[in-house]
Amino acid sequence: MKLRKINSILPQPQFFLSWGLFLFSCLISYLSGKEFLKQHKVEPIYPSSALTIQKKLSDFFPALRNSAGDTEVYIFEGKEPGGHIFITGGIHPNEPAGFITPIILIENIKVNQGKIVLIPRANASGFTHSDPQEGNPQHFFIETSKGKRFFRLGSRLTNPIHQWPDPTIYINPGGQKLSGSEVRNLNRCFPGRSKGFLTEKIAFGLMEVIRQEKIDLGIDVHESAPEYPVINAIVFHENSAELAALVAMNMEAYGFKLRLEASPPNLRGLSHREWGDSAGILAVLLETPNASHGRLKGKPSISLIVEGMDKFYPKASRSGRLFVNYPESGIPLKERVARHLAAIISLIESFNELFPQKKIRVENIPNPAELMIKGLGFYLHNPQ
Ligand SMILES: [Zn+2]
């Protein structure tokens, strides 16, 4: 009788089990919430002392103010007038060399003649989440002389918490019918819509930068999966064919071979097509091979993003399945950035050859060969 009474007072095993499960789910929610919020924290960029002015995209298109689509615009203007160049990275935030290249430029360059306008995180919303089912790390880091610089690895698409739901079929501003999720792919939304979806408004904002800053040449910096045919390539609008051919020749001086790819006129919504058609500027897009967003990759990791070493890509390369040679030693981020820098230097040299009346003179663009030796961290401001 007495024992039964004591048993009814003592906590039962179910009690411990339910509390245990409750505390475990609290811990999981805390850890995932922390990661979620971390992805929304914008990592600092430290512009060189030669920066003329830093603006926001909403200064060019006020409808973006206080929205997830607003982003930083860095303008370097020389004392002498000359040509105007626009460089975008992060139109696809899962392509690290695409945004590290403009960041390296922002932290180093000095423009003496002409103007360079840079937007390293063109789709700011895309940096706040990662691609589902890819297993990629949400951050990677680059060692500098005094500590690590962290960078977010985002998604190809705008975050659905900022733009949702997707239509079943997306008809972009150029009239092309695409699958619904492409409504969040910034590089299918040009020339944008001033009253459209958030991604279309970002595209419209970027067109406003081109118009208001009187841009002559637009360079959109990307990466692709190594199995994609348009790789180590310059995609050019037909108005930039001569420029692209000259760039391919000049790039050889830096030890890089460049594939020339004409922008298909019926493929609407892409930067190299619509910047040329809509704004009439010279327009090109650059691609390098990034194993971390390829379909053949093995284990996703920070090392795969930065060092580019993978078990399967060299095998695919040896059996002739790739459009690039993928060595066992990998294709590291520094090599992909060096290639983009060589292309940008060659674009400026070639532009100056073709348009001597609109000369652009820039100092302190890191030398691609030196960057391969010294590493990316040497050219990044140290976080301390
Ligand atoms: Zn891309």
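Residues numbered from 1 in each chain as written. Predicted model: local features only at pLDDT ≥ 70, side-chain atom pairs only at ≥ 80, totals over all residues. Heavy atoms only, no water.

*Asks:* Help me understand the coordination of the zinc ion in this model?
*Replies:* When a metal carries six donors in an octahedron, the ideal angles between them are 90 or 180 degrees, while four donors in a tetrahedron ideally lie at 109.5 degrees. Within the protein, the zinc ion binds to His92 (ND1), Glu95 (OE), Glu95 (OE) and His222 (ND1); these donor distances fall in the range 2.1 to 2.3 Å. Each of the four donor atoms bound to the zinc ion contributes to angles spanning 57 to 141°, and the resulting shape is irregular. Accessibility expressed as a relative area gives 4% for histidine 92, which makes it buried. Judged by relative accessible area, which is 2%, histidine 222 ranks as buried. (Donors = N, O, S within 2.8 Å, 3.2 Å for Na, K, Ca; no water. Tetrahedral: all angles 85-135°; square planar, octahedral: opposite > 155°, others 65-115°. Buried < 20%, exposed > 50% of the residue type's maximum accessible area, 1.4 Å probe, protein only.)

*Asks:* How should I be thinking about the pairing of strand S11 (residues 259–262) in this particular structure?
*Replies:* Within a regular beta strand, the side chains point alternately toward one face of the sheet and then the other, so they alternate between its two faces. As defined by bridge partners, strand S10 (residues 233–236) adjoins S11 across four bridges and the pair is classed as parallel. Its bridge partner lying in S11, isoleucine 234 is registered against leucine 260. Crossover connection from S10 via helix H6 (residues 241–252) to parallel S11: handedness right-handed. (Pairing = 2+ DSSP bridges. Helix = DSSP H or I, 4+ residues; strand = E, 2+ residues; numbered from the N terminus. Right-handed = clockwise from strand over helix to strand, strands pointing away.)

*Asks:* Could you clarify how one ought to interpret the nonpolar core in this entry?
*Replies:* If you look at the biggest cluster of nonpolar residues, it comprises 55 residues, and the most contacted ones within it are Ile87, Ile100, Phe140 and Ile219. In terms of residue count, helix H10 (residues 333–354) provides more of this core than any other element does, eleven residues in total. Beyond its immediate stretch of four places on either side in the chain, phenylalanine 140 contacts Pro96, Phe99, Ile100, Arg149, Phe150, Phe151, Arg152, Leu153, Ile302, Ile305, Val306 and Leu333. (Core = buried A, V, L, I, M, F, W, Y, C linked by side-chain atoms within 4.5 Å. Contact = heavy atoms within 4.5 Å.)

*Asks:* Could you clarify how one ought to interpret the environment of proline 137 in this entry?
*Replies:* On the secondary structure map, proline 137 appears in the loop between strand S4 (110–119) and strand S5 (139–144). The sequence separation of proline 137 and isoleucine 305 amounts to 168 residues, and the corresponding C-alpha distance is 9.0 Å. Setting aside residues up to four positions removed in sequence, proline 137 forms contacts with Leu153, Pro300, Ser301, Ile302 and Ile305.

*Asks:* Help me understand the packing of H6 against H10 in this model?
*Replies:* Think of two packed helices as two axes; the pair is described by the angle between the axes and how far apart they sit. Between H6 and H10, whose axes approach to 8 Å, the crossing angle comes to 125°. Classified by the angle their axes make, H6 and H10 are oblique. In the crossing of H6 with H10, the sense of the turn from one axis to the other is right-handed. In this structure, H6 contributes Glu242, Leu243, Leu246, Val247, Asn250 and Met251 to the contact, and H10 contributes Arg339, Ala342, Ala343, Ser346, Leu347, Glu349, Ser350, Phe351, Glu353 and Leu354. Here the residues of the contact of H6 with H10 sort into nine nonpolar, three polar and four charged. (Axes fitted to C-alpha atoms, helices over the stretch in contact; angles between N-to-C directions. Parallel < 35°, antiparallel > 145°, perpendicular 65-115°, else oblique. Left-handed = near helix turned anticlockwise from the far one by under 90°. Nonpolar A, V, L, I, M, F, W, Y, C, P; charged D, E, K, R; others polar.)

Read these as spatial facts, not as claims about activity.
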